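Given next are the chains, with one letter for each unit.
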Amino acid sequence: QVQLVESGGGLVQAGGSLRLSCAASGRAFSSYAMGWVRQAPGKEREFVAGISRDGGGVYYADSVKGRFTVSRDNAKNTAYLQMNSLKPEDTAAYYCAAAVASTFVVPRNPLNYNSWGQGTQVTVSS
């Protein structure tokens, strides 16, 4: 099991950047794939990015591809989401999550993730 705490959200103007962090505690952080999910009022939950256990496999939703970068530092038990060229439609609460997975796999279904952080708010103004 793993416990997750997100940080790094805030208010930024369109075109700006933020880096979200997800600090993990518990057993064997490197045994989990990590994902980022966002939720905005009135919109469907969206799986935006994920990274495999060793960092060799990544996934991005089409809506963020080319703008967001997911990474992890297993020595620090931390996952990251670098968000560049932010748009107002990126405004949402962002959650990190951990999933048991094979070494090179990035699960894309939130049902595969059984540990979740508390969320951090990202607001992009126009």
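Structure report, in brief. Given the structure is predicted, the values throughout are model-derived calculations rather than measurements. Every chain is numbered on its own, with residues counted from 1 as its sequence reads. Since the coordinates come from a predicted model, pLDDT governs what is reported: local features require at least 70, and pairs of side-chain atoms require 80 or more to be given and counted, while whole-chain, interface and lining totals use all residues. Note that the side-chain values use all heavy atoms of the structure and ignore hydrogens as well as water.

### Focus: the pairing of strand β8 (residues 78-83)
Two faces make up the sheet, and in a regular strand the side chains alternate between them. With a 1.4 Å probe rolled over the protein chains alone, any residue whose accessible area is under 20% of its type maximum counts as buried; one over 50% counts as exposed, and the rest are partly exposed. Runs of H or I in DSSP of at least four residues are treated as helices and runs of E of at least two as strands, each being numbered from the N terminus. Across the six residues that make up β8, a large majority, five, are buried. Here a strand pair is declared whenever DSSP counts at least two bridges between the two strands. Summarising the sheet, strand β3 (residues 18-26) and β8 pair through six bridges and their orientation is antiparallel. Bridge pairing links R19 to Q82 in β8.

### Quick notes on the environment of F68
Mapped onto the fold, F68 is located in strand β7 (residues 68-73). Among the residues examined, F68 registers a relative accessible area of 3% and is labelled buried. Non-local contacts of F68, meaning those with residues more than four positions away in its chain, are made with R38, Y60, L81, Q82, M83, N84, L86, D90 and Y94. In what follows, a contact means two residues having at least one pair of non-hydrogen atoms within 4.5 Å.

### So, the pairing of strand β1 (residues 2-7)
Alternating residues of β1 divide into V2, L4 and E6, all buried, and Q3, V5 and S7, none buried. Judged from the six bridges that link them, β1 and β3 form a sheet pairing that is antiparallel. Note that in β3 the partner of V5 across the bridge is A23.

### Focus: the packing of aromatic side chains
Paired rings are identified among Phe, Tyr and Trp, the last through its six-membered ring, by centres lying within 6.5 Å, and are further divided according to the angle between planes into stacked (under 30 degrees), edge-to-face (over 60) and tilted (the rest). Counted according to the given criterion, the structure contains three aromatic pairs. A centroid spacing of 5.6 Å and a plane angle of 35° characterise the contact between F47 and Y113, whose relative ring orientation is tilted. Of this pair, F47 sits in strand β5 (residues 46-51) while Y113 sits in the loop between β9 (92-100) and β10 (115-116), and the two are 66 residues apart along the sequence. The pair F47 / Y113 is uniform in exposure class, with both members buried. Aromatic pair Y113 and W116: ring centres 6.5 Å apart, planes at 65°, arrangement edge-to-face. Take Y113: its relative accessible area is 4%, and that puts it in the buried class. Lying across the ring of F29, R72 places its NZ or CZ 4.5 Å from the centre. A ring has a charge above it when a Lys NZ or an Arg CZ is no more than 6 Å from the ring centre and no more than 35 degrees off the ring normal.

### Focus on the sheet that holds β1
Pairing is antiparallel in the open sheet, where four strands are placed in the order β1-β3-β8-β7. Looking at strand neighbours, the two that pair on one side only are β1 and β7, the edges of this open sheet. Going from strand to strand, the sheet's axes swing by 15° on average, the running direction of each strand aside. Here the axes come from fitting lines to C-alpha atoms, over the contacting stretch only for helices, and the angles between their N-to-C directions go from 0 to 180 degrees.

### Side note on the nonpolar core
Nonpolar cores were defined as sets of buried Ala, Val, Leu, Ile, Met, Phe, Trp, Tyr and Cys residues, with membership established by side-chain atoms within 4.5 Å. Ranked by internal contacts, the top residues of the largest apolar core, which has 29 residues, are L4, M34, W36, L81, M83 and Y94. Listing elements by their share of this core, those giving two or more residues are β1, β3, β4 (32-39), β5, β7, β8, β9 and β11 (120-125). Dropping the residues within four chain positions of it, M83 is found in contact with G16, S17, L18, L20, R67, F68, Y94 and V122. Listed in part, the six residues of the second largest apolar core include F47, A99, V106 and Y113.

### A closer look at unusual backbone geometry
Even without glycine at this site, N77 takes up a positive phi of about 55°. Mapped onto the secondary structure, N77 falls in the loop between β7 and β8. Take N77: its relative accessible area is 26%, and that puts it in the partly exposed class.

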